[in-house]
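# Reading the structure
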Amino acid sequence: MISLTIDGRKVEVEEGSSILDAARKVAIKIPTLCNHEDQEVKANCRICVVEVEGRPGLQASCSTPAEEGMVVHASSPLVIRTRKRIMELILSRHPAKCLTCAKNGECELQEVASDLHLTTDSDYETDIRKSERDTSSPSIVRDMSKCILCRRCIETCGKMQDIKVMDCEDRGYNTMVVPPYQKNLADTACVNCGQCVQVCPTGALTIKDDTKKFHENISAGKHMVIQLAPSVRVNIAESLGEDPGTVSTGRLVTALKIIGFDRVFDANFAADLTILEEGNELLSRLKGGGTLPMFTSCCPGWIKYIETFAPDLTPHLSTCKSPMQMFGPLIKTYFAEKEGIDPKDICSVAMMPCTAKKFECQREEMNASGYQDVDMVLTVTEVARMIRTACIDFSKLEETEFDNPFGLGSGAGLIFGATGGVMEAALRTVYEVVTGEELAKLEFESVRGKEGWKEASVNLAGTEVKVAIVHTLANAKKLIELVREGKADYHFVEVMACPGGCVSGGGNAPRTWSKVEERLKAIYEEEKRLPIRKSHENPYVKKCYEEFLKEPLGEKSHELLHTRYYDRSDLLSV
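My aim in this report is to walk through the structure given alongside it, one point at a time. Fair warning: this is a prediction, and the values are worked out from it, not measured in the lab. (Residues numbered from 1 in each chain as written. Predicted model: local features only at pLDDT ≥ 70, side-chain atom pairs only at ≥ 80, totals over all residues. Heavy atoms only, no water.)

## Describing the overall build of the protein
When helices and strands are counted, the protein shows 19 helices and 17 strands. Relative to the globule expectation of 25 Å for 574 residues, the C-alpha radius of gyration of the protein, 25 Å, shows essentially globular dimensions. The principal-axis extents of the C-alpha atoms in the protein amount to approximately 75 × 55 × 50 Å. Among the 574 residues that make up the protein, the fraction classed as buried is 60%. Restricting the contact set of the protein to residue pairs at least 6 apart, pairs at least 24 apart contribute 74%. The protein carries 71 positive and 85 negative side-chain charges, and their two centres are separated by 3 Å. (Helix = DSSP H or I, 4+ residues; strand = E, 2+ residues; numbered from the N terminus. Rg over C-alpha atoms; globule rule 2.2 N^0.38 Å. Buried < 20%, exposed > 50% of the residue type's maximum accessible area, 1.4 Å probe, protein only. Contact = heavy atoms within 4.5 Å. Lys, Arg positive; Asp, Glu negative; His and termini not counted. Charge placed at Lys NZ, Arg CZ, Asp CG, Glu CD.)

## Some thoughts on helix H3 (residues 108–116)
If you check which residues of H3 are buried, you get Leu109, Val112, Ala113 and Leu116. The buried residues of H3 all sit within an arc of 100 degrees when viewed along its axis, so they share a single face. For H3, the elements touching its buried residues are helix H2 (77–91). Residue histidine 117 follows H3 closely and has a positive phi angle near 55 degrees. (Arc of directions from axis to C-beta.)

## Brief notes about the pairing of strand E17 (residues 492–496)
Burial within E17 is extensive, with 5 of its 5 residues counted as buried. Neither face of E17 is left uncovered, since the one carrying Phe492, Glu494 and Met496 and the one carrying Val493 and Val495 both have all their residues buried. Direction of pairing for strand E12 (residues 294–295) relative to E17: parallel, over a ladder of 2 bridges. By the bridge assignment for E17, methionine 294 is matched with phenylalanine 492. This β-α-β element, strand E16 (residues 463–471) to helix H16 (residues 473–484) to E17, shows right-handed connectivity. (Pairing = 2+ DSSP bridges. Right-handed = clockwise from strand over helix to strand, strands pointing away.)

## Notes on the pattern of salt bridges
Under the defined criterion, the tally for this structure stands at 48 salt bridges. Here arginine 388 and glutamate 106 are joined by a salt bridge, their closest N and O atoms 3.8 Å apart. In this pair, arginine 388 sits in helix H13 (residues 380–389) while glutamate 106 sits in the loop between H2 and H3, placing the two residues 282 residues apart along the sequence. Note that lysine 257 is salt-bridged to aspartate 403, the shortest N-O span being 2.7 Å. (Salt bridge = Lys/Arg side-chain N within 4 Å of Asp/Glu carboxyl O.)

## Quick word on the sheet that holds strand E14 (residues 376–379)
Strand pairing in a sheet takes place through backbone hydrogen bonds and is either antiparallel or parallel in direction. Spatial ordering of the open sheet is given by E11-E10-E13-E14, a layout of 4 strands whose pairing is parallel. Every other strand in the sheet has two partners, leaving strand E11 (263–266) and E14 as the edge strands with one partner each. Direction aside, the axes of adjacent strands within the sheet are offset by 25 degrees on average. Judged from the 6 bridges that link them, strand E10 (residues 223–228) and strand E13 (residues 346–352) form a sheet pairing that is parallel. Paired with methionine 224 across the strands is cysteine 347, a residue of E13. Lying on the sheet, helix H11 (residues 323–339) is in contact with E10, E11, E13 and E14; it crosses E13 at an angle near 150 degrees. H13 contacts E13 and E14 of the sheet and is inclined by roughly 75 degrees relative to E14. (Axes fitted to C-alpha atoms, helices over the stretch in contact; angles between N-to-C directions.)

## Some points on the packing of aromatic side chains
Enumeration over the complete set of coordinates arrives at 13 aromatic pairs. Ring geometry for phenylalanine 269 and phenylalanine 406: centres 4.8 Å apart, planes at 50 degrees, overall tilted. Taken as a pair, phenylalanine 269 in helix H9 (residues 268–288) and phenylalanine 406 in the loop between H13 and helix H14 (411–414) lie far apart in primary sequence, 137 residues in all. The residues phenylalanine 269 and phenylalanine 406 share a single accessibility class, namely buried. Ring pairs connect the aromatic residues Phe265, Phe269, Phe327, Tyr334, Phe335, Phe406 and Phe548, which therefore count as one cluster. When the ring centre of tyrosine 173 is taken as reference, the NZ or CZ atom of arginine 93 above it lies at 4.0 Å. Its end group placed over the ring of phenylalanine 359, lysine 304 keeps NZ or CZ at 4.6 Å from the ring centre. (Phe/Tyr/Trp six-rings, centres within 6.5 Å; stacked < 30°, edge-to-face > 60°. Lys NZ or Arg CZ within 6 Å of the ring centre and 35° of its normal.)

## As for the sheet that holds strand E15 (residues 453–460)
Pairing in this open sheet of 4 strands is mixed, and the strands run E12-E17-E16-E15 from one edge to the other. A single partner strand is all that each edge strand has here, and the edge strands are E12 and E15.

## With respect to the pairing of E13
For E13, a buried count of 7 out of 7 residues is recorded, marking the element as mostly surrounded by other parts of the structure. Along E13, one buried face is formed by Ile346, Ser348, Ala350 and Met352 and the opposite face, lined by Cys347, Val349 and Met351, is buried too. Relative to E14, E13 runs parallel, the two being bridged by 4 bridges. By the bridge assignment, valine 349 is partnered in E14 with methionine 376.

## A few points about empty space enclosed by the protein
Scanning all chains against the criterion turns up 5 cavities of 30 Å³ or more. In this structure, the largest cavity encloses a volume near 280 Å³. Every residue lining the largest cavity is counted, 25 residues in all, and those nearest its centre are Cys298, Pro353, Cys354, Lys357 and Cys502. Contributing elements (two or more residues each) for the lining of the largest cavity: helix H10 (300–309), H11 and helix H12 (356–360). Considered class by class, the residues forming the lining of the largest cavity number 18 nonpolar, 6 polar and 1 charged. In this structure, the second largest cavity occupies an estimated 120 Å³ of space. Along the wall of the second largest cavity there are 15 residues; nearest its centre are Cys157, Val165, Cys190, Cys193 and Cys196. Contributions of two or more residues to the lining of the second largest cavity are made by helix H4 (152–160) and helix H5 (195–199). Of the residues that constitute the lining of the second largest cavity, the class distribution is 10 nonpolar, 5 polar and no charged. (1 Å grid on protein atoms, 1.4 Å probe; cavity = no way out; pocket = protein on both sides within 12 Å on 5 of 7 lines; lining within 4 Å. Points joined across faces, edges and corners; volume = space filled by probe spheres on them. Nonpolar A, V, L, I, M, F, W, Y, C, P; charged D, E, K, R; others polar.)

Pasting the structure below:
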């Protein structure tokens, strides 16, 4: 251990820790902008400078190692004066439109500026970065006039996702973060995962807001229906100021009813439906010599990635739609028929943790009902904003049940929100379907955890089935390389674009691994409390097959629940 003093307070830290780490240990808040706990140290914003006795000038606390006997001043007059000057320089290039910015109240730059209490006019002339607002993407809005060159998005897109849609252009004062050749985002290989939005400290990268479209549909008298993705029940409360991992299913249903939704459905139902279709598809491929390994197809970021970077491997993808897109046509066919509602009068909304879902619902083939199956996607952050705008005190809401006929989802459906969850749900069903025996233990611990690549094997009536679980697209790229080299001896592979799975999707409150771990923990704890924990035992799913779909992989199921894929490799061309 290393002992040092910061602002007169003794602190011990492990060797290799930074001054910033040491300060946080004794609750000394040093401002940061480029620093992110899940990323490498960059030390380019300089707002975290401190004085170190015996050293000339000021040191960046995020990149300066703590040393034995070091004496640090984190709030001396020189440090405070310098930080204010640095902030004034940053703000001289930043538009002062905080009140109308999408990040207002959630902006790290705004928070640091407030903490520094800038009360006098700056000595620096204003020279806002010249940048056209890019709204071409269905998922993400770019406004580089608000960029502070922290480079968090570059690291996320380049290293974690290995897509490299963002990078710096030009040098010095003229540096800008842009897509290749200053293309619009929609014309690049962007997969819409929104992880760049997750780490952006300002309003330079934000989620495309569809709340206006929602209000237009209410005003038009549409029958408003919404499906809730598995993970949103452990994310929405956090977006409204409660602790990460707080489960708020019933309160969320209540809030959505107040906002204007006529029916609120549990997308865990559709997750269960996915397992019936996907599990049977896997068995069909194992018995009939189909393309293996079979890849899961629930994650739209992963789907667009493979269509763009490896279209030759799309036969490995399950033909199943995602749960959201399975639910969409059922709402405008099965539900519409049961309720006697003309499908053209239904506005089908999905509340999702994922920005890529906004792209997915607009895919040209997603109209099996004869209409656009899902009319719009609202992310967790959008819904949280709508709840605040409606003056709802979320913390004091009563609990309300989901609506029928889709009011019950299993625990297997719920864990779709976690990396490894789709695999575990599938194994629970496939094992019992193949062996005819009940599992002695439902939990498949080997497919859980935050490791980027996990492997397991399951004995299915004498056949050893090897599976893999991968999250983040950098790991997916490694998987693709193994498949192409013939070295991936798996039968079934789950891929999620976002770290930890849907619980850290781009449409949630900003993530750190510590928050993601709380969200994952909450999902598994909530799953244990549900009355049904296997997809094939969901009575609503059984009834849907009996009354409407008839059988998994049947004619009606293929028409409504399965899909095709496209070659998007042209997005890689210059």
